[in-house]
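Residue strings, one per chain:
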Amino acid sequence: MAATEFVPEEHYRAAAAAVRARIAGSPAIGLILGSGLGPLVDEIESPQVIPYQDIPHWPHSTVKGHAGRLVFGELEGQPVVVMQGRTHFYEGYSMGQVTLPVRVMRLLGVNTLVVTNAAGGLNASFSAGDIMIIEDHIAFTGLAGFNPLRGPNLDSFGPRFPVCTHIYDPGLRKLAHRVAAENDIPVREGVYVGLAGPSFETPAEVRMLRALGGDSVGMSTAHETIVAYHTGMRVLGFSSITNLSIDDPEASEEVSHEEVLRLGRQIVPRLAVLIRGVLRQMPPYDPAEVENHPEYE
């Protein structure tokens, strides 16, 4: 499939207009669900569903475990929109196309993004089945020249040179820890490493990423959260540690996408409790607390 490198602003607005014509109300919180985590959608009240193929310019997922639907409704009294499945850079899309949904959500009124992913565990103290609250990230795709903000800056979304010191909102991270403690859910916190994929990391790459300070590694999220923060959103991220990254070329164990999906399903009940608790106690959005906060029509 051909990838249009830079998405024109009218594509974002056309997609938002098409969605707005089919839904009642305006979402304030967006959720992006990673591999195996689609069942969280079952928790949404009064759902309104729009298949991705019905939205102009919206990229379509080709990966097993990503249903490809936009679901609107209420969760813990909060108006939400949920991406049940995401697209990835490795599928052949440009970074502009992959992150189009984030900007469309912002145009629809979303001011807070909760993003989840299935990830490999780099930290040697982690175990498969852990949940990690994302403290920060290392966006290797962006560092390699595929930053999602590359190209003409769209000033209506955010500044040319966004400050990225606090992409993952400190207040929301503290809230997630508190909710986890209240529900006796053990959680980790660490640095997510975003790679292009689709191949899993070699043992040498695992050792390098660990030495650079990475705690979990995956093929999504970092570019999505850069764009979200660029538009002025608060961001909270979770990694579901579905496997431990292999750092020994002589190891006999293997990593498979099927195993990622299986373990992801086991993590869903705990992650659902966490997300619902965070939504229940989430403080009101204050644009003054976000470094990039353009006004929207």
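The coordinates are above.
Participant: For the pairing of strand 4 (residues 78-84), give the residues involved together with the corresponding values.
Facilitator: Across the seven residues of strand 4, six count as buried, placing the element largely inside the fold. Looking at chain direction, strand 1 (residues 29-33) and strand 4 are connected through five bridges and run parallel. Counted as the bridge partner of Gly30 is Val81 from strand 4. Two elements, strand 3 (residues 69-75) and strand 4, share seven bridges in a ladder whose sense is antiparallel. Looking across to strand 4, one finds that Glu74 is bridged to Pro79. The loop that links strand 3 with its antiparallel partner strand 4 comprises two residues; one of these, Glu76, has a positive phi angle of about 55°.

Participant: An account of the packing of aromatic side chains is needed here, citing residue identities and associated values.
Facilitator: By the definition in use, this model includes three aromatic pairs. Ring geometry for Tyr52 and Trp58: centres 5.4 Å apart, planes at 35°, overall tilted. Here the basic side chain of Arg103 rests over the ring of Phe157, its NZ or CZ set 4.9 Å away from the ring centre.

Participant: For unusual backbone geometry, give the residues involved together with the corresponding values.
Facilitator: For the bond running from Gly197 to Pro198, omega is 5°, close enough to zero to count as cis. The phi torsion at Ser46 lies on the positive side, around 50°, for a residue other than glycine. Mapped onto the fold, Ser46 is located in strand 2 (residues 45-51). Of the residues examined, Ser46 reaches a relative accessible area of 62% and is grouped as exposed. Its identity is not glycine, yet Asp184 carries a phi of approximately 55°, on the positive side. Looking at the element boundaries, Asp184 is found in the loop between helix 5 (170-182) and strand 7 (188-194).

Participant: Requested: an account of helix 1 (residues 9-20), with residues and values cited.
Facilitator: Look at helix 1: 17 Å from first C-alpha to last across 12 residues, which is about the 16 Å you get at 1.5 Å a residue. Tucked inside the fold, the buried residues of helix 1 contact strand 2, strand 3, helix 2 (95-98) and helix 3 (100-107).

Participant: Tell me about the side chain of Asn153, and please be specific about residues and values.
Facilitator: Tracing the chain through its elements places Asn153 in the loop between helix 4 (140-146) and helix 5. In this view, Asn153 contacts Gly158, Pro159, Arg160 and His230; residues no more than four positions away in its chain are not counted.

Participant: Describe the nonpolar core, listing the residues and the values that go with them.
Facilitator: Counting residues in each nonpolar core, the largest one holds 44 residues, and the members touching the most others are Tyr12, Val19, Trp58, Leu70, Phe72, Val104 and Met105. Among the secondary structure elements, those contributing two or more residues to this core are helix 1, strand 3, strand 4, helix 3, strand 5 (112-121), strand 6 (131-139), helix 7 (222-230) and strand 9 (234-244). Formed by 31 residues, the second largest nonpolar core is a distinct cluster that contains Ala28, Leu33, Leu75 and Ala272.

Participant: Account for helix 3, with residues named and values stated.
Facilitator: Taken across its eight residues, helix 3 has eight buried, putting it largely inside the fold. Of all the positions in helix 3, only Leu100, Pro101, Val102, Arg103, Val104, Met105, Arg106 and Leu107 are classed as buried. Against the buried residues of helix 3 lie helix 1, strand 1, strand 4, helix 2, strand 5 and helix 7. Directly beyond the C-terminal end of helix 3, a positive phi value near 115° is found at Gly109.

Participant: Quick rundown of the pairing of strand 1? Include the residues and the values.
Facilitator: Of all five residues in strand 1, five are buried, a share of seventy percent or more. Side chains of strand 1 alternate between two faces, with Ile29, Leu31 and Leu33 and Gly30 and Ile32 buried alike. Bridging between strand 1 and strand 5 involves four bridges; their strand directions are parallel. Looking at strand 5, one finds that Gly30 is bridged to Leu113.

Participant: Break down the pattern of salt bridges for me, citing the residues and quoting the values.
Facilitator: According to the stated counting rule, one finds nine salt bridges in the structure shown. Two residues, Glu76 and Arg276, come together in a salt bridge whose shortest N-O distance is 2.7 Å. Of this pair, Glu76 sits in the loop between strand 3 and strand 4 while Arg276 sits in helix 8 (residues 257-281); the two residues are 200 residues apart in sequence, bridging distant segments of the chain. By relative accessible area, Glu76 is classed as partly exposed at 24%. Note that Arg173 and Glu189 form a salt bridge whose closest N and O atoms lie 3.4 Å from each other.

Participant: Which residues make up the packing of helix 1 against helix 3, and what are the values?
Facilitator: Packing of helix 1 against helix 3 brings their axes to within 9 Å, and their N-to-C directions diverge by 60°. By the angle between their directions, the pair helix 1 and helix 3 is classed as oblique. Judged by the twist between their axes, the crossing of helix 1 over helix 3 is right-handed. Facing helix 1, whose interface residues are Tyr12, Arg13, Ala15, Ala16 and Arg20, helix 3 presents Leu100, Arg103, Val104 and Leu107. Among the residues making up the contact of helix 1 with helix 3, the classes are represented as six nonpolar, no polar and three charged.

How each quantity is defined
- Every residue gets a number counted from 1 within its own chain, in the order that chain's sequence is written.
- The predicted origin of the model limits local features to residues at a pLDDT of at least 70 and limits the giving and counting of side-chain atom pairs to 80 or more, whereas totals for whole chains, interfaces and linings rest on all residues.
- Derived side-chain values reflect all non-hydrogen atoms in the structure, with water molecules and hydrogen atoms excluded from consideration.
- Per-residue accessibility, obtained with a 1.4 Å probe over protein chains only, is compared with the maximum for each type, and a residue is labelled buried under 20%, exposed over 50%, and partly exposed between these values.
- A run of H or I in DSSP becomes a helix once it reaches four residues, and a run of E becomes a strand once it reaches two; helices and strands are each numbered from the N terminus.
- Two strands pair if DSSP finds at least two bridges between them.
- The rule is short: rings of Phe, Tyr and Trp, with Trp giving its six-membered ring, pair when the centres are within 6.5 Å, and they are stacked under 30 degrees, edge-to-face over 60, tilted in between.
- Geometrically, a lysine NZ or arginine CZ counts as sitting over a ring once it is within 6 Å of the ring centre and also within 35 degrees of the ring normal.
- To estimate how far a helix should reach, multiply one less than its number of residues by 1.5 Å.
- In this description, contact between two residues means that some pair of their heavy atoms is separated by no more than 4.5 Å.
- The term nonpolar core refers to a set of buried residues drawn from Ala, Val, Leu, Ile, Met, Phe, Trp, Tyr and Cys, joined through side-chain atoms within 4.5 Å.
- Salt bridges are identified by distance alone: a Lys or Arg side-chain nitrogen within 4 Å of an Asp or Glu carboxyl oxygen.
- Note on definitions: angles span 0 to 180 degrees between N-to-C directions of axes, and those axes are lines fitted to C-alpha atoms, for helices only across the stretch in contact.
- Any angle that falls under 35 degrees is termed roughly parallel, while one over 145 is termed roughly antiparallel, one within 65 to 115 roughly perpendicular, and all others oblique.
- Left-handed describes a crossing whose near helix is turned anticlockwise from the far helix by less than a right angle; the clockwise case is right-handed.
- Following the grouping adopted for this structure description, the nonpolar residues are Ala, Val, Leu, Ile, Met, Phe, Trp, Tyr, Cys and Pro, the charged ones are Asp, Glu, Lys and Arg, and the polar ones are all others, Gly among them.

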